[in-house]
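# Chain and residue survey
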Amino acid sequence: MNKLSLLIFVGVLLLLSSCAKPPEPPPVVEEPAVEEPVEEVPVVDKGVPTLQIVEWTDVVGWQEDNPGLALGALLESCSALRWRPQWQPACAEAAAMKQASEAVVRAFFERNFEPHQVSKPDGTTEGLMTGYYVPDLKGSRVASDDYPYPLYQRPNDLLTIDLSEVYPALSNYRLRGRLDGHRVVPYWDRSEIENQKRPLVGQELFWVADPVELFFLQIQGSGRILFDDGERVMVNYADQNGHPYRSIGKYLIDRGAMPRSKMSMQNIRSWARNNPSEVDALLNQNPSYVFFRALPAGVKSPPGALGVPLTPGRSLAVDRRHIPLGAPVFVDTFWPNSDQPLRRLMVAQDTGGAIKGQVRGDFFWGMGNQAGSQAGRMKQAVRFWVLLPREVPGD
């Protein structure tokens, strides 16, 4: 049975199966998508390996960046990778280099790692870099006229069906649903969650002031809730309703409401302010819905898919099928809305629902409005070089 047949079979199983006990949620879940109305371009597979070893002199801009500025992010990765033998020598040496000079740190990377240029199957090396950040939202622990929009925790009735043990070929797929009598059915989509019936009453985590900002919080995956008394709570992605992500930016483009050249988070917000009666219909174009968890007090930066805190300007979201999480990645891209090169060493520490493909990245800009301004305008060409410990094979 091929993969397509298996998917069809599992889809029927999801809709028609008898009563099932909710399984434990998996330890690692995929992050939500990042808003970016980019059309997929078919790639001709010429059998080119994703990672190909190159010389350090082939890494464009390697001498321009101070790699010591990425050392802290690498050490965060080492906290997750320290049990893997191939990473232990480099991680041990990195831990002793916190005060090292730029030259010493550069020599450390060149001595311990081999650069691998990332290619698509057709042999091309250029892809897309977008940006994400941690937004700030005004909120409350109780509903009110000022804070009427709920931020939901992971619902108690959300089932996660892991297919990997039964069908290893489908190990990358996890289905989500709910029980309806003796049947497992798809979970509520966005319009059903947000309608007047409010099926998730009692699952509210916090309440916020603006539905568009709540929507973008779901896209970013993490945020800070700012309470009127000055308290702040970091919230982070907990799970998702299982429905496919659809870009509201692409929807606005397709209906002629905004040209592609003007598309950004900032302009979507502006459109929503100018068309308040159409906001619900716009947001419901995306049936995907994200649920959150509150992080402990004192958390300064949210964890990414690797499980370690993200570092502003140095953490990168990638497609983990092609680039290993935890690895340093040198990026050659451009500053947002600019032709000024942005070349620096980053570390692959996160994933994203829209981050699919070999040369596809999402640049973590940090927290707050300034970071959001950069992230919302980031849509640039990029090339990657993944740095792997010298003991690790190239592909």
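Quick caveat, the model's predicted, so the values are computed rather than measured.

## A few points about the state of the cysteines
Considering all chains together, one arrives at 1 disulfide under this definition. Across the disulfide from cysteine 78 sits cysteine 91; the S-S distance is 2.1 Å. Residues cysteine 78 and cysteine 91 are joined through a disulfide that is left-handed, its torsion about the S-S bond being -85°. Residue cysteine 78 is located in helix H2 (residues 71–81), and its partner cysteine 91 is located in helix H3 (residues 88–95); the two are separated by 13 residues in the primary sequence. Cysteine 91 carries the same exposure label as cysteine 78, and that label is buried.

## A short note on the sheet that holds strand E5 (residues 149–152)
Ordered by their spatial adjacency, 6 strands build an open sheet running E5-E9-E4-E10-E11-E12, and the pairing between neighbours is mixed. Edge positions in the open sheet fall to E5 and strand E12 (290–294), since each of these has one partner strand only. The mean angle between the axes of side-by-side strands here comes to 45°, regardless of whether they run parallel or antiparallel. Where helix H6 (residues 211–220) meets the sheet, it contacts strand E4 (136–140), E5, strand E9 (204–208), strand E10 (222–227), strand E11 (232–240) and E12, and its direction lies at approximately 15° from that of E5.

## Here we look at the packing of aromatic side chains
The full count for this structure, using the stated rule, is 15 aromatic pairs. Geometrically, the ring pair formed by tryptophan 62 and phenylalanine 330 is edge-to-face, given 5.7 Å between the ring centres and 75° between the ring planes. Highlighted residues: tryptophan 62 in the loop between strand E1 (51–53) and H2 and phenylalanine 330 in strand E14 (residues 328–334), separated in sequence by 268 residues. Neither tryptophan 62 nor phenylalanine 330 differs from the other in exposure class; each is buried. An angle of 55° between the planes, with centres 6.0 Å apart, marks the rings of tryptophan 87 and phenylalanine 113 as tilted. Here tryptophan 87 is found in the loop between H2 and H3, whereas its partner phenylalanine 113 is found in strand E2 (residues 113–118), with 26 residues between them in sequence. Like tryptophan 87, the residue phenylalanine 113 is buried in the burial classification. An aromatic cluster is defined as three or more aromatic residues linked by ring pairs; in this entry it consists of Trp56, Trp62, Trp87, Phe108, Phe109, Phe113 and Phe330.

Reading the values: rules and limits
Residues numbered from 1 in each chain as written. Predicted model: local features only at pLDDT ≥ 70, side-chain atom pairs only at ≥ 80, totals over all residues. Heavy atoms only, no water. Disulfide = S-S within 2.5 Å. Helix = DSSP H or I, 4+ residues; strand = E, 2+ residues; numbered from the N terminus. Buried < 20%, exposed > 50% of the residue type's maximum accessible area, 1.4 Å probe, protein only. Pairing = 2+ DSSP bridges. Axes fitted to C-alpha atoms, helices over the stretch in contact; angles between N-to-C directions. Contact = heavy atoms within 4.5 Å. Phe/Tyr/Trp six-rings, centres within 6.5 Å; stacked < 30°, edge-to-face > 60°.

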